[in-house]
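A structural walkthrough
The primary structure of each chain is shown beneath.
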Amino acid sequence: MAPVPERGRRLLLERRAARIAAEGHSIEAHPSRASLGPARARRRPHVVALGGGKGGVGKTFLASNLAAELARLGLRTAAVDTDLEGANLHTWLGVTRPAASLADFVAGRETDAAKLLLPTRYERLELVAATHGHLAAAHPSGARRVELLQGLRRLDRDVIVVDCGAGLHPAVIDYFLVGEDGILVIHPEATSLENAYAFLRAAFYRRMQLAMMNHQVQGRVAECMDQRNERGIRTPHDLLREVQSMDSDDARRFVETMRAMRPRIVVNEVSSAEDVRLGFAVRNVCRTYFGLEAEYLGYLNRDEAVRQALREGRPVSEVAPQSDVAIYLRRIARKLVDGIAPAPARAGVHA
Ligand SMILES: Nc1ncnc2c1ncn2[C@@H]1O[C@H](COP(=O)(O)OP(=O)(O)OP(=O)(O)O)[C@@H](O)[C@H]1O
Ligand SMILES: [Mg+2]
């Protein structure tokens, strides 16, 4: 057999990495939430990923605090920092010097993702840190990304909370897509919204490209990732029409994939009713522009207790349990738990 050229090999691996990421949402591969068995009996962990495109909107705050809350509610939780360029999930969780890191996996020093799990001071809560990244090559190669995504999916835990970095690098999008629950964290300001839409767009097209089986259609989706493409295909609806004209099976897959993709929205650092309403506006854009049924999971207000929690490396629910931000956070965690396990499985869940 002729050897696969290096560039071809890289592209193949890239596609495989993204495909594994997409397995979390695969319509055929994934049972409906209602049919999920007790959390402990499931073979695969439930993966919740937090992204949003923009830096500093509160992804890591939410990831750390949600993970702590899910663990407190009785789920064996692993909080995974994938931000190799700006790792700080460990700081939020009070782990000052992580003994192992995802960077070890990326560099090939460790091949078992389970060995990266570090204890925290909280029961049922472990951490995969992302410190000590390679300064010149922060993102893992296609091959490593495949192994990493598979490793995360194989961890014997109830929930994996994945903290994504900022930006639209394909690796970041793959980490976001690996989750059954992709939570888009938004700040109530125009720049955050802009970045959030760009992030959604990148995730949408990446997922669609994977769902398509016809090579020509895959190529067309790739072309449309260029917003100024010469064919004049500007919106997901334009693209759907194009796919319909090319391949009816892929057009059906396109619509099914659209239906299966359900981003969750959290607006962080709200300080007015108008900020709160932003979540509904984003949900509407998801429907009208992308054809996606997003869920507005909740909002968190701006609160000095968050910075105090960061200083102390403790969840805000512990630092200021009666603060609004802690109350709203617990509400969001409860909604997620309701989506993860049916009532009987939560018999042992601590209130
Ligand atoms: N609800 C809040 N109230 C007050 N301060 C907040 C709130 N949420 C986040 N912050 C502050 O905003 C800063 C950025 O938060 P965080 O690190 O979670 O953002 P991020 O989205 O993970 O950023 P990056 O993209 O750089 O990883 C932190 O210093 C944090 O204390
Ligand atoms: Mg962060």
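Residues numbered from 1 in each chain as written. Chains lettered and ligands numbered in written order. Predicted model: local features only at pLDDT ≥ 70, side-chain atom pairs only at ≥ 80, totals over all residues.

With respect to the environment of E85
Keep this limit in mind: Numbering of helices and strands runs from the N terminus; a helix is a DSSP stretch of H or I covering at least four residues, while a strand is a stretch of E covering at least two. Any residue whose C-beta has 12 or fewer other C-beta atoms within 10 Å is treated as exposed, any with 20 or more as buried, and any in between as partly exposed, C-beta atoms being built from the backbone. Throughout, a pair of residues is in contact if the C-beta atoms placed from their backbones lie within 7 Å.
Note on placement: E85 falls in the loop between β2 (77–81) and α3 (89–92). Residue classification places E85 among the partly exposed positions, given that 15 C-beta atoms sit within 10 Å. Distance from E85 to H132, taken between C-alpha atoms, is 9.0 Å for residues 47 residues apart in sequence. Apart from residues lying up to four places away in sequence, E85 is in contact with G133, A138 and G165.

What about the packing of helix α8 (residues 215–224) against helix α9 (residues 236–246)?
Note the following rule: Each axis is a line fitted through C-alpha atoms, and for a helix only the stretch in contact is used; angles between axes span 0 to 180 degrees, taken between their N-to-C directions. When an angle is under 35 degrees it counts as roughly parallel; over 145 it counts as roughly antiparallel; between 65 and 115 it counts as roughly perpendicular; any other value is oblique. Crossing handedness: left-handed means the near helix sits turned counterclockwise from the far one by under a right angle, and right-handed means the same turn made clockwise. When residues are grouped by polarity, Ala, Val, Leu, Ile, Met, Phe, Trp, Tyr, Cys and Pro land in nonpolar, Asp, Glu, Lys and Arg in charged, and all others, Gly among them, in polar.
Interaxial distance between α8 and α9 falls to 10 Å at its minimum, and their mutual angle equals 160°. The orientation of α8 with respect to α9, classified from their angle, is roughly antiparallel. Considering only the axes of α8 and α9, their crossing is right-handed. Of α9, the residues touching α8 (which contributes Q216, V217, R220, V221 and C224) are L239, E242, V243 and M246. For the contact of α8 with α9, a count of residues per class yields six nonpolar, one polar and two charged.

Here we look at the pairing of strand β1 (residues 46–51)
We apply this condition: Only when DSSP finds a minimum of two bridges between them are two strands counted as paired.
Counting buried positions over the six residues of β1 gives six, a clear majority of the element. Alternating positions in β1 separate into two faces, H46, V48 and L50 on one and V47, A49 and G51 on the other, with burial throughout. In this sheet, strand β5 (residues 159–163) lies alongside β1 in parallel orientation, the contact comprising five bridges. When the sheet's bridge partners are listed, A49 is paired in β5 with V162. Pairing of β1 with strand β6 (residues 181–186) involves four bridges; the strand directions are parallel. Counted as the bridge partner of V48 is D181 from β6.

Describing the nonpolar core
Rules: Nonpolar cores are identified as sets of buried Ala, Val, Leu, Ile, Met, Phe, Trp, Tyr and Cys residues joined via C-beta atoms within 7 Å.
Core analysis: the largest hydrophobic core is formed by 98 residues, its most contacted members being A49, L70, A79, V161, V162 and V266. Broken down by element, the residue count for this core peaks at nine residues, all from helix α7 (residues 190–211). With residues near it in sequence (within four places) discarded, L70 still touches L75, T77, V159, V161, A333, L336 and V337.

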